[in-house]
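# An overview of the molecular structure
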There are 2 protein chains.
Amino acid sequence: MPSEFELIARHFQRPARSADLGVGDDAALVRVSAGNQLVVSTDMLVEGTHFLAGADPRQLGWKTIAVSVSDLAAMAAQPRWATLAISLPDDDDAWLAAFADGVFACCASFDVELVGGDTTRGPRNLCATLFGEVPAGQAVTRAGARPGDDIWISGQPGRAALALTDLLGGQGLAAACRQDFVEALHGPRPRLALGIALRGLASAMLDVSDGLLGDLAHILERSQVGARLFDRLLPLQALIEGGVGEEHARRALLGGGDDYELLFCAAPSLRGRISGLAEAVCTPLHRVGTVLAEAGRLELEVGDGACRPLAPIGFRHFTGERDDY
Amino acid sequence: MPSEFELIARHFQRPARSADLGVGDDAALVRVSAGNQLVVSTDMLVEGTHFLAGADPRQLGWKTIAVSVSDLAAMAAQPRWATLAISLPDDDDAWLAAFADGVFACCASFDVELVGGDTTRGPRNLCATLFGEVPAGQAVTRAGARPGDDIWISGQPGRAALALTDLLGGQGLAAACRQDFVEALHGPRPRLALGIALRGLASAMLDVSDGLLGDLAHILERSQVGARLFDRLLPLQALIEGGVGEEHARRALLGGGDDYELLFCAAPSLRGRISGLAEAVCTPLHRVGTVLAEAGRLELEVGDGACRPLAPIGFRHFTGERDDY
């Protein structure tokens, strides 16, 4: 049986690229470029909470890195390095090889270098810390939304939630869409190019991990504003084509987590530039609402112009959903 | 029942000190001082592997931060920021309050600012990532030991292992020493002042988490050298006073983990300066061996000058011991 050090060497130790010192010492050494801020985010994925026992290890490896890349994207930052701490119930070499494959595939996709970590015995738990750079002062936080700003969402939120329901034996998905939706759940593609392109344009931004409304509520709270969403602008059609009814689609779109799309605010004067961006980074963007001056107000404008209040249905009471701080 | 966001706000959210942006966004923003390298280490503590169910939460909070502070100390680096990802089986407010107390007490002791994290549901798992700084080129790695260098160990390794044996119902400790030994296990004091003072003096260094011999083997491997330890120089007396026999004490000293003492090499010409350091940082230092030219050779010189080979008894086969990479 290989020792833990052999496992590390076999699966996680690769020559340092940009790091001054990578895997294999007490700590890693890297250099942050002059004029840049260091940006740091950590995420923990737990078996039984964030993924099911028996989940595909390569997909897990990908997702373990991807969810933190998404956090950096939401700050308009470039990820550069990662550490990875994992707890495993056994030393299944094939599992580790596939997991490492997924980790390095995601790292390669987003130009991230794995520089250190920790491997230990215990219930399966995967914790990545990503750190990167952003030119000083150019990070986009949750706090800058202004009344009158448009509210935008990237891609197609709601797919991951519908895929999960399908996988758990609930409402099934149409065969033509199933693969796409499941891919959104298991292999999320962080919107990094979009996040970086929004430097200087977005007034506030975050990635949707806990559901559009729940995450929007964070922007409202930090920015001390309210929001009105327009039902006619919600991208429900692709979800409905997945085989669910309109109300089910709306609920998945507004409340479903795990899509890692970017939700951001921007001045209406920037609509043209933002639409141009969508093409440049090959990412559909949907303008779905407007920022209100009244702090904490959250409403949906329906067909006839009437508004009904929205509860932040993405909020969960310590249910094991991701909740970064 | 408070939501996870309320729990975070209550226990982990404090005003940013040196960070440009701390807890509460997708990622934290900090600045690395010009001319410094960023130093990063991550450690995961798992219930049932690194601590027992029912362990004191305040001590756990302290130790979660301390073990990574120790890694940075072993690089001669100054810790500055931390992220903390935790998985908990329930939202026991009193547990969290005590745990956070321990975290912040350790952070305060070593001038570390908690800048972000993740809280989720699952088997108890505590993962800290520490970020710090070292003037470029002054980090001490595991790779610089040279034949003829002295081998030094700080403080009193072996106490944590003997305390654990005692707590698990094995060989009991003398009443007069018990408290001290248990404190070494539950509340390790990283040798940060010592580590930083050894910049420019130590040729190689690491912290002893897996046992003196096992960790020394890492230095030997990285530095491509061997080592001879001198039995007469091993600080066994304090362990024997703990109530164990000499051979038991030797085994705890050479093989016991979790003490977080610093093991380092330095040229014999520096003996005077290093002894002076010991006083300056109020840390006993023991010169216990010498570096040999023959790579991988590891031996103990006993009474009459004879040498017997030592197996690296700190090595464990994926037993759940800490194994940083």
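Quick note: structure is the one above.
In this report, we go over the structure that sits alongside the text. All values derive from a computational prediction rather than experimental measurement. (Residues numbered from 1 in each chain as written. Chains lettered and ligands numbered in written order. Predicted model: local features only at pLDDT ≥ 70, side-chain atom pairs only at ≥ 80, totals over all residues. Heavy atoms only, no water.)

## Observations regarding a nonpolar patch on the surface
Nonpolar side chains collect at one region of the surface, where A:L52, A:L164 and A:L168 lie side by side and expose about 290 Å² of accessible area between them. Among the structural elements, A:L52 can be located in the loop between β2 (36-46) and α2 (57-73). (Patch = residues over 30% accessible without salt bridge, like charges linked within 9 Å, V, L, I, M, F, W, Y side chains within 5 Å. Areas by Shrake-Rupley, 256 points an atom, 1.4 Å probe, with all protein chains shown as cover. Salt bridge = Lys/Arg side-chain N within 4 Å of Asp/Glu carboxyl O. Helix = DSSP H or I, 4+ residues; strand = E, 2+ residues; numbered from the N terminus.)

## Considering the packing of aromatic side chains
One pass over the full model with this rule turns up 10 aromatic pairs over all chains. Look at A:F131 and B:F131: their rings are 5.1 Å apart centre to centre, the planes differ by 85°, and that puts the pair in the edge-to-face class. On the criterion of chain membership, the pair formed by A:F131 in strand β5 (residues 125-135) and B:F131 in strand β5 (residues 125-135) is interchain, its members lying in two chains. Residue B:F131 is classed as buried on the basis of its relative accessible area, which comes to 1%. Grouping aromatic residues by their ring pairs yields a cluster made of A:F12, A:W95 and A:F99. Over the ring of A:W95 we find A:R124, and its NZ or CZ is 4.3 Å from the ring centre. (Phe/Tyr/Trp six-rings, centres within 6.5 Å; stacked < 30°, edge-to-face > 60°. Buried < 20%, exposed > 50% of the residue type's maximum accessible area, 1.4 Å probe, protein only. Lys NZ or Arg CZ within 6 Å of the ring centre and 35° of its normal.)

## A word on the pairing of strand β9 (residues 261-266) of chain B
Residue and element names in this part refer to chain B. With 6 of 6 residues buried, β9 is to be regarded as a mostly interior element. Covered by surrounding structure in β9 are E261, L263 and C265 together with L262, F264 and A266, the residues of both alternating faces. Here 5 bridges tie strand β7 (residues 204-208) to β9, and the two strands are oriented antiparallel to one another. When the bridges of β9 are listed, L206 appears paired with L263. (Pairing = 2+ DSSP bridges.)

## What about the sheet that holds β2(A)?
Strand order across the open sheet formed by 5 strands is β4(A)-β3(A)-β5(A)-β2(A)-β1(B), with mixed pairing between neighbours. Two strands bound the open sheet, and with one partner strand each, they are β4 (113-121) of chain A together with β1 (28-30) of chain B. Adjacent strand axes in the sheet meet at a mean angle of 20° when their direction is disregarded. Relative to the sheet, helix α3 (residues 93-109) of chain A contacts β3 (78-88), β4 and β5 of chain A, its axis offset from that of β3(A) by approximately 165°. (Axes fitted to C-alpha atoms, helices over the stretch in contact; angles between N-to-C directions. Contact = heavy atoms within 4.5 Å.)

## Some words on the pairing of strand β6 (residues 150-154) of chain B
All names here are of chain B. In terms of residue burial, β6 counts as a mostly covered element, since 5 of its 5 residues are buried. A two-sided burial pattern is seen for β6, the buried positions comprising D150, W152 and S154 on one face and I151 and I153 on the other. Here β6 pairs with β9 via 4 bridges, running antiparallel. By the bridge assignment, D150 is partnered in β9 with A266. In this sheet, strand β10 (residues 285-292) lies alongside β6 in antiparallel orientation, the contact comprising 5 bridges. Looking at β10, one finds that W152 is bridged to R287.

## Section: the packing of helix α4 (residues 159-167) of chain B against helix α5 (residues 175-186) of chain B
Helix packing geometry: the angle between the two helix axes and the distance between the axes. Residues and elements named next belong to chain B. Here α4 crosses α5 at 105°, and the two axes come no closer than 7 Å. By the criterion of interaxial angle, the relationship of α4 to α5 is roughly perpendicular. Contact with α4, carried on its side by R159, A160, L162, A163, L164, D166 and L167, involves R178, D180, F181, V182, A184, L185 and H186 of α5 and no other residues of that element. Looking at the contact of α4 with α5 residue by residue, the class counts come to 9 nonpolar, 1 polar and 4 charged. (Parallel < 35°, antiparallel > 145°, perpendicular 65-115°, else oblique. Nonpolar A, V, L, I, M, F, W, Y, C, P; charged D, E, K, R; others polar.)

## Digging into the interface of chain B and chain A
Each partner contributes residues to the interface: chain B has 77 residues there, and chain A has 77 residues. A buried area of about 6700 Å², summed over both sides, lies between chain B and chain A, and 59% of it is on carbon and sulfur atoms. Taken together, the connections running from chain B to chain A amount to 4 salt bridges. Salt-bridge contacts for A:D26 lead to B:R142; the nearest nitrogen and oxygen are separated by 3.1 Å. Between the two partners, chain B and chain A, sit 21 residue pairs in polar contact (both at pLDDT 80 or more). Sorting elements by how many residues they give to the side of chain B that touches chain A places strand β2 (residues 36-46) of chain B first, with 9 residues. Tallied by class, the residues present in the side of chain B that touches chain A amount to 36 nonpolar, 22 polar and 19 charged. Pairing analysis gives 3 bridges linking β2(A) to β1(B), with the strands arranged antiparallel. (Buried area = accessible area lost by both parts, 1.4 Å probe. Polar contact = N/O pair within 3.5 Å; in protein donor to acceptor, adjacent residues only side chain to side chain.)

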